[in-house]
Amino acid sequence: MLVALIAHDRKGALSVRKENREAHLAYIEATGVVAQAGPLLDDDEQMIGSLVILDVADMTAAQDWADNDPYARADLFENVTLTRWNRVIGG
């Protein structure tokens, strides 16, 4: 099942994002369940959140992935939502 993880960073947390980016990207590669991903940007093209499409067995697996993301462990996010997603267009 595909799950969209949408996360918004805490205000003023860009340094937390940058400090944990390498670990976050390594986690994505190591887990092998990310179909698509990228940062959300503000008008100045600064990273302010994340959109991650997970390909997992169920919502429990999606929540487990989200909870163990280095960004989440570093308390980067103000909020995170997990929603089942149906790919209609694209890969």
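Owing to the predicted nature of the structure, the values given are computational and were not obtained by experimental measurement. (Residues numbered from 1 in each chain as written. Predicted model: local features only at pLDDT ≥ 70, side-chain atom pairs only at ≥ 80, totals over all residues. Heavy atoms only, no water.)

Draft legend 1. Expanded view of the sheet that holds strand 1 (residues 2-9). Here four strands make up an open sheet; going across it, the order is 2-3-1-4 and the pairing antiparallel. In this open sheet, the two strands that pair with only one neighbour each are strand 2 (34-41) and strand 4 (77-84). Direction aside, the axes of adjacent strands within the sheet are offset by 15 degrees on average. Bridge count between strand 1 and strand 3 (residues 47-55): seven bridges; the pairing is antiparallel. For Leu 2, the partnering residue across the bridge sits in strand 3 and is Asp 55. Across the sheet, helix 1 (residues 14-31) is in contact with strand 1, strand 2, strand 3 and strand 4; its angle to strand 3 comes to roughly 15 degrees. On top of the sheet, helix 2 (residues 59-68) reaches strand 1, strand 2, strand 3 and strand 4; it is set at about 160 degrees to strand 4, its chief contact. (Pairing = 2+ DSSP bridges. Helix = DSSP H or I, 4+ residues; strand = E, 2+ residues; numbered from the N terminus. Axes fitted to C-alpha atoms, helices over the stretch in contact; angles between N-to-C directions. Contact = heavy atoms within 4.5 Å.)

Draft legend 2. Region of the structure containing the nonpolar core. Ranked by size, the top nonpolar core spans 17 residues in total, and within it Val 3, Leu 5, Leu 54, Ala 62, Trp 65, Leu 76 and Leu 82 carry the most contacts. Every element with two or more residues in this core is listed here: strand 1, helix 1, strand 3, helix 2 and strand 4. Leu 5 has contacts with Ser 50, Leu 51, Val 52, Trp 65, Ala 66, Val 80, Thr 81 and Leu 82, leaving out every residue within four places of it along the chain. (Core = buried A, V, L, I, M, F, W, Y, C linked by side-chain atoms within 4.5 Å. Buried < 20%, exposed > 50% of the residue type's maximum accessible area, 1.4 Å probe, protein only.)

Draft legend 3. Main features of the packing of aromatic side chains. Here the structure, examined in full by the defined rule, presents two aromatic pairs. Both rings, one in Tyr 71 and one in Phe 77, keep their centres 6.1 Å apart while their planes meet at 85 degrees; by these two values the pair is edge-to-face. Given the relative accessible area of 1%, Tyr 71 is considered buried. Here Phe 77 falls in the buried class, since its relative accessible area comes to 12%. (Phe/Tyr/Trp six-rings, centres within 6.5 Å; stacked < 30°, edge-to-face > 60°.)

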